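Observations on the three-dimensional arrangement
So you can see what is in the structure, the chains are spelled out below.
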Amino acid sequence: MDNLLEVRNLQTHFFMAEGVAKAVDSTTFSIRRGQVLGVVGESGCGKSVTARSIMRMVRPPGHTVDGEIFYSRDDQNGQDMTLDLLQLPATGTEMRAIRGGEIAMIFQEPRASLSPVHRVGDQITENILLHQSVTQAEAEDIAIEMLRQVHIPLAEQRMDAFAHQLSGGMCQRVMIAMALSCHPSLLIADEPTTALDVTTEAQILELMQGLQADLNMAIMFITHDLGVVADMADEVAVMYLGKIVERGAAADIFRDPKHPYTIALLESLPRMDQRREWLQTIRGVVPDPYSTLSGCPFHPRCADFIAGVCDEIVPQPITLEDNREVRCLLYTEHAHQESAPVAEETSHQ
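Here the focus is the sheet that holds strand 3 (residues 36–40). With respect to topology, eight strands assemble into an open sheet ordered 6-7-8-3-9-10-12-11, the strand pairing being mixed. Of all strands in the sheet, those with a lone pairing partner are strand 6 (103–106) and strand 11 (318–319), marking the two edges. With respect to the sheet, helix 1 (residues 47–54) is in contact with strand 3, strand 6, strand 7 (186–190), strand 8 (218–222) and strand 9 (235–240), its orientation differing from that of strand 8 by roughly 145°. Helix-sheet contacts for helix 7 (residues 168–180) involve strand 6 and strand 7, and the interaxial angle to strand 6 is about 175°.

Structure, rendered in structure tokens:
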């Protein structure tokens, strides 16, 4: 496969006074050129930290302690070359050229990402000048056009605005314009439409899909909205406690989810034919990041929990049909060994 990005055994931990929080724990996945990978899961499952690890933007007390992040790019002669981003200095010239130019990120909190003392137009223009060989006037024209593309009215006037003069939705659109201004090979979108109304959200998603098709741009789309994932993603990765517990084609995941966590997520979606029924919920909460659970990390909340198996054995990734990957003991011989006595005991009762 023509992989643009390949992440292997990524481990990013936060070393706190309370203990070590394994925000990303042995995560492996790949993104092909032009592919949209949807990354879903509850808050605290490691989605954003995975994205920041790829961008080499994890700050202390967080550290990427192990793993490989292979990024494929064309060299000056047009030949394909592969870099391990973790081997590059995070603040070095090469990584700074990749970050924001070839790999761009839309952050979840736009007001925290935009400078409060610089005009938004200057911030977009600075990014363009840093990564493209254009003049100041040309960079400003590109910035204005990008603001128009993300449906900001009076784009020329908005160039002179400060972040505090714009609404949350406007700030989010400025961030999207900045990320797309250099036509990156990979766009990491961390909840990019959280602050937008549904009409603007549809417009932004349509814009991203159009640019993806025109530029053959890959997208890593992080979201809680499974409806957006169903519409946008080619492949889905479901994360829980820093691990990818299920990965596969989006159509397969939605049609036939395998992992109990994926099943629970999909069952919690509201349905038009269940308007008079209570919404399904996932029992319990995501465990404390400092706690160390034995066995499967999802077993305290799992409806299919097998005592003596799920709470003792750590599940490893298993490849099923259609290149589906799942990290669950229900698909191993341990489940078959335990199911017979349980069924026999139930029949006697």
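So, on to the state of the cysteines. Scanning the entire structure with this criterion turns up zero disulfides. Free cysteine Cys45: the closest other cysteine sulfur is in Cys296, separated by 12 Å. The thiol sulfur of Cys310 is not disulfide-bonded, and the nearest other cysteine sulfur, from Cys302, lies at 6.1 Å. Judged by its relative accessible area of 8%, Cys310 falls in the buried class.

Turning to the confidence of the model for the chain, a few remarks are in order. Per-residue confidence for the chain gives a mean pLDDT of 86, with 92% of residues at or over 70. Segment residues 339–349: pLDDT under 50, and zero contacts once partners within four positions in sequence are set aside and those in other chains are kept.

How each quantity is defined
- Within each chain, residue numbers correspond to sequence positions counted from 1 in written order.
- pLDDT decides what is reported in this predicted model: residues at 70 or higher carry local features, side-chain atom pairs at 80 or more are listed and counted, and totals for whole chains, interfaces and linings draw on all residues regardless.
- Hydrogen atoms and water are omitted, and side-chain values are computed over all heavy atoms in the structure.
- DSSP-based pairing: two strands are paired if at least 2 bridges between them are found.
- Going along the chain from the N terminus, every DSSP run of H or I of four or more residues is numbered as a helix, and every run of E of two or more is numbered as a strand.
- By definition, residues are in contact when any of their heavy atoms lie within 4.5 Å.
- Fitted lines through C-alpha atoms serve as axes, helices being fitted only where they are in contact, and the angles separating the N-to-C directions of these axes extend from 0 to 180 degrees.
- In what follows, a disulfide is any cysteine sulfur pair within 2.5 Å.
- Only protein chains enter the accessibility calculation, which uses a 1.4 Å probe; a residue is then buried when its area is under 20% of its type maximum, exposed when over 50%, and partly exposed in between.
- Summary of the metric used: pLDDT quantifies the predictor's per-residue confidence within the range 0 to 100.

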